[in-house]
Amino acid sequence: MASPLGLGRPADEVLAAMESLRTGDVKWRDGRAFSLAYSAGPEVLALSEEAYRRFSGENALNTAAFPSLRSMHDDVVSCVSGWLHGPASARGFMTSGGTESLVLVVRAAVERARREGRLPAHPNMVLPTSAHAALEKGADYFGVESRRVDVRNDWRADVEAMAAAADDSTVLFVASAPQYPQGVIDPVAEVAALAVGRDVNMHVDACMGGVVLPALERAGVPLPPWDFRVPGVTSVSVDLHKYGYTAKGAGVLVHRDKLLRNDQVFVTDNWLGGVYGSSGILGTKSGGPIASAWAVMSHLGDAGYERLATAARSVTLAIAAHVEGCDDLRLRSRPDSTLLAFGDADDGPGIFALADELRERGWWVDRQGPPDSIHLTVNAVHEPLVDEFLADLDAARRAMRGRSGSSGAYGSVD
Ligand SMILES: *Cc1c(COP(=O)(O)O)cnc(C)c1O
């Protein structure tokens, strides 16, 4: 079909065409996606969309023109900083999400070394193999060597091996709470101690856990220490467009103090257009994600997030228990939060045939490796669907015997 762009069609026809374009999209609002999209139900979504619509054209590049955005931005950052037990000195900025946060984390670590007059010729960062791919992006952009250290048998960061991988050119250590691939929380305090020993930055990637873990802790779930209460943690990233259930394009990066925060900021007057300062990678920045975050967080409140996190956690545990009971499947780890992964009994690509079977039944799961695994990001939308999902999982297991599937990708470029 030829593209309709440029035809000058009436608005109602355009919208109808868009609705027909999306018929093949995964039905995330109905809870069919265990990856990529999150839903706290139609009421929260409606509020998010309305807030986004009202501020989509506003530009957070310069909040002097839009004090509304500054005010909402500051409220969002201070709420998240509170969840993270940030000290009074803590400061942060909203970002467009986890990737921008992590790219800026790498930049800030290099910038700190430069500011302190000890930038090595070849700076490196030391991080477990489980830490998010966006850190590679940051390392690539800013010329930092990425020293990936194998995780332990329990998928958590191997702190002794990380210590051995570090040297005088190390500017950054990273741990995750939880890490994405197997959903476990790294030994944050031990990794932070390495950073204290070398007096360099230590980032906790809580893009997944930054909303859920504080809510679970408030609800009484015991957790290992992972936030600003751990000495040596210099920054924490939290995505709101995941378990904050806000519109896409919203994350927060909080630093222990303003000096550290300034290391992510860029300012120049080296052109003919005046002083250009920006907190992140984007220039023009829609007010939509900020407004959505402010609206949804105001509406749900701490109690709302507790309810949603508890629901997601109980579905996660139910699925994990079911998988543990299947002798043809292998659970990677008991989940520490709301993410889990499992492979087949021989850890081979046969698990992707199961993903294909689930897709045929309308479920979208993430395919990852190594080792070859199905990954589930469980959220509140799945609560009423857990029995249906487990029944389909069992049907898919029966149907798949002997088939092999394709591995897919976390993100695509085509
Ligand atoms: C999702 C995720 C990221 C990347 O965030 P985006 O919002 O997709 O850019 C980083 N770290 C972890 C642990 C994540 O789960």
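Reading guide: rules and limits
- Residues numbered from 1 in each chain as written.
- Predicted model: local features only at pLDDT ≥ 70, side-chain atom pairs only at ≥ 80, totals over all residues.
- Heavy atoms only, no water.
- Helix = DSSP H or I, 4+ residues; strand = E, 2+ residues; numbered from the N terminus.
- Rg over C-alpha atoms; globule rule 2.2 N^0.38 Å.
- Contact = heavy atoms within 4.5 Å.
- Lys, Arg positive; Asp, Glu negative; His and termini not counted.
- Charge placed at Lys NZ, Arg CZ, Asp CG, Glu CD.
- Near = heavy atom within 4 Å.
- Polar contact = N/O pair within 3.5 Å; in protein donor to acceptor, adjacent residues only side chain to side chain.
- Areas by Shrake-Rupley, 256 points an atom, 1.4 Å probe, with all protein chains shown as cover.
- Pairing = 2+ DSSP bridges.
- Axes fitted to C-alpha atoms, helices over the stretch in contact; angles between N-to-C directions.
- Domains from an automatic or database assignment.
- Buried area = accessible area lost by both parts, 1.4 Å probe.
- Salt bridge = Lys/Arg side-chain N within 4 Å of Asp/Glu carboxyl O.
- Buried < 20%, exposed > 50% of the residue type's maximum accessible area, 1.4 Å probe, protein only.
- Right-handed = clockwise from strand over helix to strand, strands pointing away.
- Disulfide = S-S within 2.5 Å.
- Parallel < 35°, antiparallel > 145°, perpendicular 65-115°, else oblique.
- Left-handed = near helix turned anticlockwise from the far one by under 90°.
- Nonpolar A, V, L, I, M, F, W, Y, C, P; charged D, E, K, R; others polar.

### Observations regarding the overall build of the protein chain
Step number 1: The number of helices and strands found in the protein chain is 12 helices and 13 strands.
Step number 2: Compactness check: the protein chain gives a C-alpha radius of gyration of 22 Å against a globular reference of 22 Å for 414 residues, within 12% of the reference.
Step number 3: Taking the intrachain contacts of the protein chain between residues at least 6 apart in sequence as the baseline, contacts between residues at least 24 apart amount to 70%.
Step number 4: Taken together, the 40 basic and 53 acidic charged side chains of the protein chain have centroids lying 2 Å from each other.

### Considerations on the site of the ligand
Step number 1: Residues in contact with the ligand amount to 13 residues; listed here are only the nearest, Gly98, Thr99, Asp205, His241 and Lys242.
Step number 2: At 2.6 Å, a side-chain N or O of Asp205 approaches a nitrogen atom of the ligand.
Step number 3: Contacts to the ligand include Asp239, whose side-chain N or O atom sits 3.2 Å from an oxygen atom.
Step number 4: When the ligand is considered free in solution it has 380 Å² of accessible area, and contact with the protein chains removes 87% of it.
Step number 5: When residues of the shell around the ligand are assigned to their parent elements, the largest contribution, three residues, is made by helix α4 (residues 98-115).

### Here we look at the side chain of Asn59
Step number 1: For Asn59, the location among the structural elements is in the loop between α2 (42-55) and α3 (67-83).
Step number 2: A distance of 2.8 Å separates the side chain of Asn59 from the backbone nitrogen of Leu61, its partner in a polar contact.
Step number 3: At a separation of 2.9 Å, a polar atom in the side chain of Asn59 contacts the main-chain amide nitrogen of Lys285.
Step number 4: For Asn59, the contacting residues outside a window of four places in its chain are Phe66, Leu69, Gly283, Thr284 and Lys285.

### Digging into the sheet that holds strand β11 (residues 339-344)
Step number 1: Spatial strand order, β10-β11-β13-β12: four strands in an open sheet with antiparallel pairing. The sheet terminates laterally at β10 (329-331) and β12 (366-368), the two strands that pair on one side only. Put simply, the sheet's adjacent strands are angled 30 degrees from each other on average, direction ignored.
Step number 2: Strands in contact with helix α11 (residues 350-360) are β10, β11, β12 and β13 (373-377); relative to β13, the strand with the most contacts, it is inclined by about 45 degrees.

### Focus on the domain arrangement of the protein chain
Step number 1: Each assigned domain of the protein chain is listed with its residue range as follows: domain 1 (49-296) and domain 2 (301-400).
Step number 2: Spacing between the C-alpha centres of domain 1 and domain 2 amounts to 28 Å.
Step number 3: Contact residues are listed per partner, giving 24 residues for domain 1 and 25 residues for domain 2.
Step number 4: Of the roughly 2100 Å² buried between domain 1 and domain 2 on both sides combined, carbon and sulfur atoms contribute 57%.
Step number 5: For the pair domain 1 and domain 2, the interface holds three salt bridges.
Step number 6: A salt bridge links Glu306 to Arg218; the nearest nitrogen and oxygen atoms lie 3.1 Å apart.
Step number 7: Applying the counting criterion to the domain 1 and domain 2 interface returns 14 residue pairs in polar contact (both at pLDDT 80 or more).
Step number 8: In terms of residues, the side of domain 1 that touches domain 2 owes the most to one element, helix α8 (residues 209-218), which gives six residues.

### Re the pairing of strand β5 (residues 201-205)
Step number 1: Extensive coverage of β5 is indicated by the burial of five of its five residues.
Step number 2: Assessed by its sense of winding, the connection that carries the chain from strand β4 (residues 170-176) through helix α7 (residues 188-198) to β5 is right-handed.
Step number 3: Relative to strand β6 (residues 235-239), β5 runs parallel, the two sharing three bridges. Looking at the pairing, Asp205 lines up with Ser237 of β6.
Step number 4: With respect to chirality, the unit in which β5 leads through α8 into the neighbouring parallel β6 is right-handed.

### Focus on the state of the cysteines
Step number 1: Summed over the entire model, instances satisfying the criterion amount to zero disulfides.
Step number 2: With no disulfide of its own, Cys79 lies closest to Cys207 among cysteine sulfurs, the gap being 16 Å.

### What about the packing of helix α10 (residues 288-324) against helix α12 (residues 386-400)?
Step number 1: Contact pair α10 / α12: the axes reach a minimum separation of 11 Å and the direction vectors enclose 25 degrees. The angle between the axes of α10 and α12 places the two elements in the roughly parallel class. You can see that α10 and α12 cross each other, and the crossing is right-handed. On α12, the residues that touch Val315, Ala318, Ile319, His322 and Val323 of α10 are Val386, Phe389, Leu390, Leu393, Asp394 and Arg397.
Step number 2: Taken together, the residues of the contact of α10 with α12 sort by class into eight nonpolar, one polar and two charged.

### Structural notes on the pattern of salt bridges
Step number 1: Counted by the stated rule, this structure contains 30 salt bridges.
Step number 2: Ionic pairing is found between Arg147 and Glu145, a salt bridge with its closest N-O pair at 3.0 Å.
Step number 3: Under the relative-accessibility criterion, Glu145 is labelled partly exposed at 39%.
Step number 4: We note a salt bridge from Arg229 to Glu217, for which the minimum N-O separation is 2.8 Å. You can see Arg229 sitting in the loop between α8 and β6 and its partner Glu217 sitting in helix α8, a full 12 residues away along the chain.
Step number 5: Glu217 sits in the partly exposed class, given a relative accessible area of 31%.
Step number 6: Taken together, the shared-partner salt bridges connect Arg112, Glu116, Arg118 and Asp199 into one network.

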